[in-house]
Amino acid sequence: MANKTAPFCITKDVGEELNGWLRSTSVPHGLALRARIILQLDSGKGPLEISLNLGINRGTVHKWRKRFNESGIDGLYDAARSGRPSVIDEKTVRRVLKMTCEQVPHEATHWSIALMAEYAQISTWQVRQIWNAADPKPHRLRTFKISNDPQFAEKVIDVVGLYMDPPNNAIVLSVDEKTQIQALDRTQPGLPLSNSRIASRTHDYKRNGTASLYAAFNILSGEVIAKVTDRHRAKEFIEFLKQIDKSTPEDLDLHIILDNLSAHKTTAVNDWLEKHPRVHFHFTPTSASWLNAVEGWFSQLERRALYRGVFTSVKDLKNEIARFVKVHNKYSAKPFQWTKSAEKIIASVNRAKNALPN
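Structure report, in brief.

Cut-offs and rules
- Residues numbered from 1 in each chain as written.
- Predicted model: local features only at pLDDT ≥ 70, side-chain atom pairs only at ≥ 80, totals over all residues.
- Heavy atoms only, no water.
- Pairing = 2+ DSSP bridges.
- Helix = DSSP H or I, 4+ residues; strand = E, 2+ residues; numbered from the N terminus.
- Core = buried A, V, L, I, M, F, W, Y, C linked by side-chain atoms within 4.5 Å.
- Buried < 20%, exposed > 50% of the residue type's maximum accessible area, 1.4 Å probe, protein only.
- Contact = heavy atoms within 4.5 Å.
- Axes fitted to C-alpha atoms, helices over the stretch in contact; angles between N-to-C directions.

## Re the pairing of strand E3 (residues 224–229)
Turning to step 1, where the next piece is worked out: With six bridges connecting them, strand E2 (residues 205–218) and E3 associate as antiparallel partners. Across the sheet, the residue bridging to Tyr214 is Lys227, located in E3.
Turning to step 2, where the next piece is worked out: Between the end of E2 and the start of E3, which pair antiparallel, lie five residues, with Gly222 showing a positive phi angle near 80 degrees.

## Description of the nonpolar core
Turning to step 1, where the next piece is worked out: Core analysis: the largest hydrophobic core is formed by 36 residues, its most contacted members being Val156, Trp297 and Leu317.
Turning to step 2, where the next piece is worked out: At the level of elements, helix H8 (152–164), strand E1 (170–186), E2, helix H11 (294–306), helix H12 (314–332) and helix H13 (342–355) are the ones that each hand at least two residues to this core.
Turning to step 3, where the next piece is worked out: For Trp297, the contacting residues outside a window of four places in its chain are Leu213, Ala215, Phe217, Val224, Phe324, Val325 and His328.
Turning to step 4, where the next piece is worked out: By size, the runner-up hydrophobic cluster in this structure holds 34 residues, among which are Val61, Tyr77, Val127 and Trp131.

## With respect to the environment of His139
Turning to step 1, where the next piece is worked out: Structurally, His139 is set in the loop between helix H7 (124–134) and H8.
Turning to step 2, where the next piece is worked out: Separated by 58 residues in sequence, His139 and Arg197 place their C-alpha atoms 30 Å apart.
Turning to step 3, where the next piece is worked out: Leave out the neighbours within four places in its chain, and His139 touches Asp13, His110 and Trp111.

## Side note on the sheet that holds strand E5 (residues 279–283)
The strands making up a sheet associate through backbone hydrogen bonding, with each pair oriented either parallel or antiparallel.
Turning to step 1, where the next piece is worked out: Spatially, five strands are ordered E3-E2-E1-E4-E5 in an open sheet, and the strand pairing comes out mixed. For this open sheet the edge positions go to E3 and E5, each flanked by a neighbour on one side alone. Across the sheet, the mean angle from the axis of one strand to that of its neighbour is 30 degrees, orientation sign disregarded.
Turning to step 2, where the next piece is worked out: Note that strand E4 (residues 253–258) and E5 share five bridges and pair parallel. Counted as the bridge partner of Ile256 is Phe281 from E5.
Turning to step 3, where the next piece is worked out: Lying on the sheet, H12 is in contact with E1, E2 and E3; it crosses E2 at an angle near 30 degrees.

What follows is the structure in structure tokens.
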């Protein structure tokens, strides 16, 4: 009867590197054997089965499993392995970093440790040391969008000024819409969390309609004024402005930070603003949603209430949003603090623009 072992798994990158060892003709037999042990452990085989498959002692399997758990792939090397240099010459470092940043392997969209070792004709240990020191992380990818708004600097100064030095006798509100929120129900009940099992749910779902959320985030208190609608047009936006107007002291000016959505600039909206001179709009630059403070609150709503939510109808969805807003305002609301000056933001964006290829 095979011994039962604790769950064992490795990352995709580690699996690729170990399989690279097995394909390589220069990897010593000992390292290739240890790679097979780890890969078979990852496939769910137990030490007894692996020892029979590879013709080795079961203790050998336990030894390299333990070394891997303690030190990762580095633990598979011998303490004083022949040919593993303690110092990597500067020429090799420069060559590997140049390849990392300026070239792409033929068989992939980005470098892995195994591919770089193969192309640079060095060991995977050397690649890991070079990358750990320089921290290029070629397996990771970030997204970005640089605003091309011709009034970028002026708008940043205006909005950041409201955050860092809000005017007296006024309320500053960050306003936006979260549109097309889906009321999703799962096709089967999920399995709850237990001591030995993570919570789970079916990957498929049923759509039960959508709703849109208008939210106004108070910079000074962190409280939110919200309105859930079935549609998101200028008409619904004006209705939300009326709600804001009624929900705030009439003797205070209202400074509203919002994006450049066309529904915010219609004739009907401008007519409403003329009749309510205490309301002042401040538009963020185009492609700069990160400058609107309410986006952080939307992120909380998504993580804490919507992502795992099960909604059998739009009414259920609306009720959950209303509950979340009420609980947030009662227990979680706190003043918003913006720390990065307008000058630093503008300088950072200018550096990013200059770094883009022509």
